[in-house]
Amino acid sequence: MGYETIRLEYEEQLAILTIDRPKALNAFNAKALQEVELALRVVHHNAQLRALIVTGSGEKAFVAGADIAEMVEMTPTQAREFAGIGHRVFHMMETLSIPTIAAVNGFALGGGCELALCCDLIYASENAKLGLPEVTLGVIPGFGGTQRLTRLVGRVRAKELIFTGEMVDAAKAKEIGLVLEVLPADRLMEHCRSVAHKLLKRGPLAIAQAKRVIEFGADGDLRSANELERQGFSMLFGSEDQREGMRAFLEKRQPMFKGR
Ligand code: CAA
């Protein structure tokens, strides 16, 4: 598939999605959003894939936000449409059944930070800067940032970041729980690959269930969420992977999960 603004590459069961508009610091224009959506469909329908890494092209930026040049003259109706597309694409990212890892290799601002927030795990390079600077442009985050950041770091920290519009460096992002680890820039992808390779060895059905239960449960009450866990746990006992995983343990060998 010939993409213009992204790259989608494969390393066996691992897919790597790179936002590729380095001259605009990988800012999301409509085309890039559309291509990310297409790529996520391709990933979703490829049953061989077991993990996805998302990153930005070049050394300076992950994604520096939605494309300001495209937004400047938007009417409220057009902005509503644009935010709708962003929400749809980011929801797709968040609900992929395979685990997703954001490799934040520089600026992750506005829509870029919101993209990272849709990934399951976020790792950052030492030169990364994250933030939601929309109020400095007279608007608010529009691709889920007000909600996902708040759920991740809490209301007060989210308000500080969103009201001031200031970026935090990677160390501060780790301190507030926005990123998991901070790596030297030249080790970031290697680290993300090594985490992905760990996940490739685990039962894919189990990871998909864990992700579903965590995501749905986090927004619900504990009782319903625990019921969801019980369903997920019990359903897995209908899979070959459950037999394989437990037998392999008892037979003191590595399991060979097939995803069924
Ligand atoms: N949209 C469009 N173009 C962008 C962009 C963006 N979000 N971010 C950077 N660029 C472009 C710049 O216009 C510049 O283009 P030219 O070379 O043609 O002038 C190029 O990328 C390089 O950027 P700078 O020269 O500004 O690089 P810098 O190192 O001096 O600064 C930066 C880097 C601090 C990230 C700065 O570019 C910046 O502040 N960018 C905007 C960040 C931002 O406000 N993001 C939020 C957007 S709103 C949003 O995302 C809404 C939403 O929630 C959906």
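The following refers to the structure shown. (Residues numbered from 1 in each chain as written. Predicted model: local features only at pLDDT ≥ 70, side-chain atom pairs only at ≥ 80, totals over all residues. Heavy atoms only, no water.)

## Focus: the sheet that holds strand β10 (residues 181-183)
And step 1. In spatial order, the strands read β1-β2-β3-β5-β7-β10; together these 6 strands make up an open sheet with mixed pairing. Pairing within the sheet leaves two strands with one partner each, and these edge strands are β1 (6-11) and β10. Each strand axis lies, on average, 20° off the axis of its neighbour in the sheet, ignoring direction.
And step 2. Here strand β3 (residues 51-56) runs beside strand β5 (residues 100-104); their pairing, made up of 3 bridges, is parallel. Its bridge partner lying in β5, L52 is registered against T100.
And step 3. The strands touched by helix α8 (residues 188-200) are β1, β2 (14-19), β3, β5, β7 (121-125) and β10; relative to β5, the strand with the most contacts, the crossing angle is about 170°. (Pairing = 2+ DSSP bridges. Helix = DSSP H or I, 4+ residues; strand = E, 2+ residues; numbered from the N terminus. Axes fitted to C-alpha atoms, helices over the stretch in contact; angles between N-to-C directions. Contact = heavy atoms within 4.5 Å.)

## What about α8?
Residues that lie three or four places apart on an α-helix share one face, since the helix turns once every 3.6 residues.
And step 1. Taking 1.5 Å of rise per residue, 13 residues should cover 18 Å, and α8 covers 18 Å from first to last C-alpha, within 8% of that figure.
And step 2. Among all positions in α8, only L188, H191, C192, V195, A196, L199 and L200 are buried.
And step 3. For α8, the secondary structure elements touched by its buried residues are β2, β3, β5, β7, β10 and α9 (204-218). (Expected span 1.5 Å × (residues − 1). Buried < 20%, exposed > 50% of the residue type's maximum accessible area, 1.4 Å probe, protein only.)

## A word on the packing of aromatic side chains
And step 1. What the rule picks out here adds up to 4 aromatic pairs.
And step 2. What links up through ring pairs into an aromatic cluster is the set F28, F82, F90 and F143. (Phe/Tyr/Trp six-rings, centres within 6.5 Å; stacked < 30°, edge-to-face > 60°.)

## Here we look at a nonpolar patch on the surface
And step 1. Together, I68, L137 and V139 line one region of the surface with nonpolar side chains, adding up to about 260 Å² of accessible area.
And step 2. Mapping L137 onto the fold places it in the loop between β8 (129-131) and α5 (145-153). (Patch = residues over 30% accessible without salt bridge, like charges linked within 9 Å, V, L, I, M, F, W, Y side chains within 5 Å. Areas by Shrake-Rupley, 256 points an atom, 1.4 Å probe, with all protein chains shown as cover. Salt bridge = Lys/Arg side-chain N within 4 Å of Asp/Glu carboxyl O.)

## A short note on α5
And step 1. For α5, every residue scored as buried is listed here: G145, R148, L149 and V153. Down the axis of α5, the smallest arc covering the buried residues is 105°, so these residues share one side.
And step 2. Residues of α5 that are buried in the fold lie against α3 (76-94), α4 (111-117) and α6 (155-164).
And step 3. Of the residues trailing α5, G154 is marked for its positive phi of about 95°. (Arc of directions from axis to C-beta.)

## A look at the state of the cysteines
And step 1. Within this structure, the stated rule accounts for 0 disulfides.
And step 2. The closest cysteine sulfur to the non-disulfide-bonded C119 is located on C118, 6.6 Å from its own sulfur.
And step 3. With no disulfide of its own, C192 has C119 as its nearest cysteine by sulfur position, at a separation of 9.9 Å. (Disulfide = S-S within 2.5 Å.)

## Quick word on the nonpolar core
And step 1. With 51 residues, the main nonpolar core has V104 and L178 as its most contacted residues.
And step 2. Broken down by element, this core gets its largest block of residues, 6 residues, from helix α1 (residues 30-45).
And step 3. If we skip the residues at most four places from it in the chain, V104 touches F62, A116, I122, Y123, A124, S125, A128, L130 and L188. (Core = buried A, V, L, I, M, F, W, Y, C linked by side-chain atoms within 4.5 Å.)

## Concerning the sheet that holds β8
And step 1. Taken together, the 4 strands give an open sheet; going across it, the order is β4-β6-β8-β9, and neighbouring strands pair in mixed fashion. Either end of the sheet is taken by a strand with one partner, and the two such strands are β4 (61-63) and β9 (168-169).
And step 2. Examined bridge by bridge, strand β6 (residues 107-109) and β8 share 3 bridges and lie parallel to one another. Counted as the bridge partner of L109 is G131 from β8.

## So, the pairing of β1
And step 1. Where β1 and β2 come together, 6 bridges link them in antiparallel fashion. Bridge pairing in β2 places Y10 opposite A15.
And step 2. Joining the antiparallel neighbours β1 and β2 is a turn of 2 residues, in which E12 adopts a positive phi near 55°.

## Section: the packing of α5 against α6
Geometrically, a packed helix pair is captured by the angle between its two axes and the distance between the axes.
And step 1. α6 packs onto α5 with a crossing angle of 135° between their chain directions and a minimal axis gap of 7 Å. Considering the angle they form, α5 stands oblique to α6. Crossing angle aside, the handedness with which α5 passes α6 is right-handed. Each of G145, T146, L149, T150 and V153 in α5 lies in contact with α6, whose residues at this interface are R155, R157, A158, L161 and I162.
And step 2. Looking at the contact of α5 with α6 residue by residue, the class counts come to 5 nonpolar, 3 polar and 2 charged. (Parallel < 35°, antiparallel > 145°, perpendicular 65-115°, else oblique. Left-handed = near helix turned anticlockwise from the far one by under 90°. Nonpolar A, V, L, I, M, F, W, Y, C, P; charged D, E, K, R; others polar.)

## Section: the layout of surface pockets
And step 1. The space that makes up the largest pocket amounts to roughly 1000 Å³.
And step 2. If you go around the largest pocket, you meet 32 residues; those closest to its centre are E94, C119, D120, I214 and E215.
And step 3. Those elements that provide at least two residues to the lining of the largest pocket are α3, β7, α5 and α9.
And step 4. Of all the elements, α9 adds the most residues to the lining of the largest pocket, at 9 residues.
And step 5. The class makeup of the residues in the lining of the largest pocket is 18 nonpolar, 6 polar and 8 charged. (1 Å grid on protein atoms, 1.4 Å probe; cavity = no way out; pocket = protein on both sides within 12 Å on 5 of 7 lines; lining within 4 Å. Points joined across faces, edges and corners; volume = space filled by probe spheres on them.)

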